[in-house]
Amino acid sequence: SQTIHQWPATLVQPVGSPLSLECTVEGTSNPNLYWYRQAAGRGLQLLFYSVGIGQISSEVPQNLSASRPQDRQFILSSKKLLLSDSGFYLCAWTGNSYEQYFGPGTRLTVT
Amino acid sequence: GENVEQHPSTLSVQEGDSAVIKCTYSDSASNYFPWYKQELGKRPQLIIDIRSNVGEKKDQRIAVTLNKTAKHFSLHITETQPEDSAVYFCAAGYNNAGNMLTFGGGTRLMVKP
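Worth saying up front: this structure is predicted, and the values here are computed from it rather than measured. (Residues numbered from 1 in each chain as written. Chains lettered and ligands numbered in written order. Predicted model: local features only at pLDDT ≥ 70, side-chain atom pairs only at ≥ 80, totals over all residues. Heavy atoms only, no water.)

Student: How should the state of the cysteines be read in this particular structure?
Tutor: In a disulfide, the sulfur atoms of two cysteines are covalently bonded to one another. With the rule as written, the count across this model stands at two disulfides over all chains. Here Cys23 of chain A is linked by a disulfide to Cys91 of chain A, with a sulfur-sulfur distance of 2.0 Å. Disulfide Cys23 of chain A-Cys91 of chain A: the torsion about the S-S bond is -70°, which places it as left-handed. On the criterion of sequence distance, the pair formed by Cys23 of chain A in strand S3 (residues 19–26) and Cys91 of chain A in strand S9 (residues 87–94) is long-range, its members being 68 residues apart. Taking relative accessible area as the criterion, Cys23 of chain A reaches 0% and is therefore assigned buried. Relative accessible area serves as the criterion here: at 0%, Cys91 of chain A is assigned to the buried category. The disulfide that involves Cys23 of chain B links it to Cys90 of chain B, with 1.9 Å between the sulfurs. Judged by the sign of its S-S torsion, about -100°, the cystine formed by Cys23 of chain B and Cys90 of chain B is left-handed. Taken together, the positions of Cys23 of chain B in strand S3 (residues 19–25) and Cys90 of chain B in strand S9 (residues 86–93) put the pair 67 residues apart, joining distant regions of the chain. (Disulfide = S-S within 2.5 Å. Helix = DSSP H or I, 4+ residues; strand = E, 2+ residues; numbered from the N terminus. Buried < 20%, exposed > 50% of the residue type's maximum accessible area, 1.4 Å probe, protein only.)

Structure follows, in structure tokens:
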């Protein structure tokens, strides 16, 4: 069966520091991968999606970037964090069907 | 692009009552409509979905209905229990290159014992 991992689970970072969040999927090949952000008490904002290695589409131009160095690995990065980057970051995947499944998330607090 | 509106934003019901959450979508090409439940501090979990070739789908106490003509779909929870308390998100999508979903704003359901 398929499993999706995210780390770290929680992160506290100062403003202006870099960021790297990692997501990996097991048990499937060539998944579609997604990064969402959820501000406290709010909905799901799609940040990036990827349909294959090295293929990244950005939905929201910001100081964030994403990369997919391997088939089942998706990384979210920033060179300099802003206070507004705080939130719950969720990675998700789909296979050949429509169903989209979320990882456990990373709770980021920028201080 | 697709736009999904979800109502109400909060819903409070007594245990044992029914709860209904409604969503409308704008893109007639959308043909997949999932519902997610998110408990506090947890990831959204897919609880039920419906495709455009059916009008209704049931799974125990949960049912979804779809009206393609009117472009709206609803989640029905019967015999609500305190553990149903959570935020529920609807979404709409179609089989495009990324299988992307557009989410509604969420409904906070509170079931009072």
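Student: Is there a simple way to explain unusual backbone geometry in this structure?
Tutor: One can expect most non-glycine residues to show negative phi and most peptide bonds to be in trans. Residue Trp7 of chain A is joined to Pro8 of chain A through a cis peptide bond whose omega torsion reads 0°. Structurally, Pro8 of chain A is set in the loop between strand S1 (3–7) and strand S2 (10–13). In this chain, His7 of chain B is followed by Pro8 of chain B through a cis amide linkage whose omega measures -5°. The residue Gln60 of chain B is not glycine, and still its phi comes out positive at about 60°. By the secondary structure assignment, Gln60 of chain B is in the loop between strand S6 (56–59) and strand S7 (62–67).

Student: Explain the sheet that holds strand S8 (residues 72–77) of chain B to me, please; I cannot follow it from the model alone.
Tutor: Adjacent strands of a sheet form backbone hydrogen bonds with each other and so pair up, either parallel or antiparallel. Residue and element names in this part refer to chain B. Read from one edge of the open sheet, five strands run S1-S3-S8-S7-S6, paired in antiparallel fashion. Two strands lie at the open edges of the sheet, namely strand S1 (4–7) and S6, each paired on one side alone. Within this sheet the neighbouring strands show an average axis-to-axis angle of 15°, counted without direction. One ladder, built from six bridges, connects S3 with S8; its direction is antiparallel. Counterpart to Lys22 in the pairing with S8 is Ser74. (Pairing = 2+ DSSP bridges. Axes fitted to C-alpha atoms, helices over the stretch in contact; angles between N-to-C directions.)

Student: Before we go on, may I ask you to explain the packing of aromatic side chains in this structure?
Tutor: Aromatic ring pairs are defined here through the distance separating the ring centres and the angle between the ring planes. Overall, the coordinates contain 13 aromatic pairs over all chains when judged by the stated rule. Ring geometry for Tyr25 of chain B and Phe33 of chain B: centres 4.7 Å apart, planes at 45°, overall tilted. On the basis of relative accessibility, which here comes to 5%, the residue Tyr25 of chain B falls in the buried class. Exposure remark for Phe33 of chain B: the relative accessible area of 0% places this residue in the buried category. Taking 5.6 Å as the distance between ring centres and 50° as the angle between the ring planes, the aromatic pair formed by Tyr36 of chain B and Phe103 of chain B counts as tilted. One end of the pair, Tyr36 of chain B, is in strand S4 (residues 32–38); the other, Phe103 of chain B, is in strand S10 (residues 101–103), with 67 residues separating them in the sequence. Taken together through their ring pairs, the aromatic side chains of Tyr34, Tyr36 and Phe102 of chain A together with Tyr36 and Phe103 of chain B make up a single cluster. The cationic tip of Arg107 of chain A hangs over the ring face of Phe88 of chain A; the distance from NZ or CZ to the ring centre is 4.2 Å. (Phe/Tyr/Trp six-rings, centres within 6.5 Å; stacked < 30°, edge-to-face > 60°. Lys NZ or Arg CZ within 6 Å of the ring centre and 35° of its normal.)

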